[in-house]
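Summary of structural features
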Amino acid sequence: TRGPEFEKARAEAAAFIGITASKSSGRVRQNLLKKGFDKAMADQAVLYFIERGYIDDERAAEAIARRYQGRKLRSQRMMAQVFIQNGIDRDLACRAAGRLPDDRETALELCRAQSSSDEETLLKLLLRRGYPHGLAREAVKNHMKKENE
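The structure contained in this document is the topic of the report that follows. These numbers were taken from a predicted model, which means no experiment stands behind them.

**A word on the packing of helix α4 (residues 57–66) against helix α5 (residues 76–85)**
- Direction vectors running N to C along α4 and α5 enclose 120 degrees, while the axes themselves pass 10 Å from each other. The angle between the axes of α4 and α5 places the two elements in the oblique class. Between α4 and α5 lies a crossing whose hand is right-handed. Of α5, the residues touching α4 (which contributes A61, I64 and A65) are M79, V82 and F83.
- Classifying every residue of the contact of α4 with α5 by side-chain character gives six nonpolar, no polar and no charged.

**Section: the packing of aromatic side chains**
- Here the structure, examined in full by the defined rule, presents three aromatic pairs.
- Ring geometry for Y48 versus F49: centroids 5.0 Å apart, planes at 85 degrees, classification edge-to-face. F49 carries the same exposure label as Y48, and that label is buried.
- Geometrically, the ring pair formed by F49 and Y54 is edge-to-face, given 6.0 Å between the ring centres and 80 degrees between the ring planes.

The rules behind the values
- Residues numbered from 1 in each chain as written.
- Predicted model: local features only at pLDDT ≥ 70, side-chain atom pairs only at ≥ 80, totals over all residues.
- Heavy atoms only, no water.
- Axes fitted to C-alpha atoms, helices over the stretch in contact; angles between N-to-C directions.
- Helix = DSSP H or I, 4+ residues; strand = E, 2+ residues; numbered from the N terminus.
- Parallel < 35°, antiparallel > 145°, perpendicular 65-115°, else oblique.
- Left-handed = near helix turned anticlockwise from the far one by under 90°.
- Contact = heavy atoms within 4.5 Å.
- Nonpolar A, V, L, I, M, F, W, Y, C, P; charged D, E, K, R; others polar.
- Phe/Tyr/Trp six-rings, centres within 6.5 Å; stacked < 30°, edge-to-face > 60°.
- Buried < 20%, exposed > 50% of the residue type's maximum accessible area, 1.4 Å probe, protein only.

Written out as structure tokens, the structure reads:
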């Protein structure tokens, strides 16, 4: 039964989703809870928009991934955490991260995107971005080799 409370929740969710329709179900749900709607009403409103294609967590993950390009690249493992922090379900977050370019490729790309050519600085950056130590060291070594050619 959809009453006035549902209509208020639906209107709030629509305003939050906006024209891009790239918000995750978790973000929309969290926003409704913050606005004072109970969990059942928030879930009902989220389901309403999922059924109509306005909320699509796959699309939300793709939009999030597009924001992390160039100098903002992260490892697949770190991107899974970014997806989860943005309200994407853990299983979907892991699958979406697994579809991103390989860590070896993105680590080298991240090195190329940086203005620094200091090995230690690049290594620390890669480690902060979630790349395993061995892979980070290898990427920096390969980057330095290409820089010196």
